[in-house]
Amino acid sequence: MAVITPCCCMQRSPPLALVVALLCGLCPALAVDRPQVRVSGRQLLVDGKPFHMKGVNWNPVRRGGKHPEDLDFRGFVETDAEIMALAGVNALRTYEPV
């Protein structure tokens, strides 16, 4: 059984890292009580309960743009984060480092 310590890498891109951390519930700076996250077999447990991941692949490129030249994390983060939060997204994958 492995223990995972959630962390926030806000040094690289504070606004985007904060949004990602809030969506994923992993920001220790904002957490009052940090959840215990562990892996048991093939299951991810948060505070002893199974955690169902609802994730998306996020590639913020404007319509008609090309990847990776037209990546615009800062330009899309506010509107996309709101939409993802409303949809219940709690996991995010990007195609390029943030």
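Report on the accompanying structure. (Residues numbered from 1 in each chain as written. Predicted model: local features only at pLDDT ≥ 70, side-chain atom pairs only at ≥ 80, totals over all residues. Heavy atoms only, no water.)

Turning to the overall build of the protein, a few remarks are in order. Per the secondary structure count, the protein includes 2 helices and 6 strands. Ordered by position in the sequence, the α and β elements of the protein form the string β-α-β-β-β-β-α-β. Residue pairs at least 24 apart in sequence account for 54% of intrachain contacts in the protein once pairs closer than 6 positions are excluded. Total accessible area on the protein stands at roughly 7100 Å², and carbon and sulfur atoms take up 56% of it. (Helix = DSSP H or I, 4+ residues; strand = E, 2+ residues; numbered from the N terminus. Contact = heavy atoms within 4.5 Å. Areas by Shrake-Rupley, 256 points an atom, 1.4 Å probe, with all protein chains shown as cover.)

So, on to the pattern of salt bridges. For the structure shown, the criterion picks out 1 salt bridge. For Asp70, the salt bridge is made with Arg62, and the minimal N-O distance between the two is 3.6 Å. For Arg62, a relative accessible area of 46% corresponds to the partly exposed category. (Salt bridge = Lys/Arg side-chain N within 4 Å of Asp/Glu carboxyl O. Buried < 20%, exposed > 50% of the residue type's maximum accessible area, 1.4 Å probe, protein only.)

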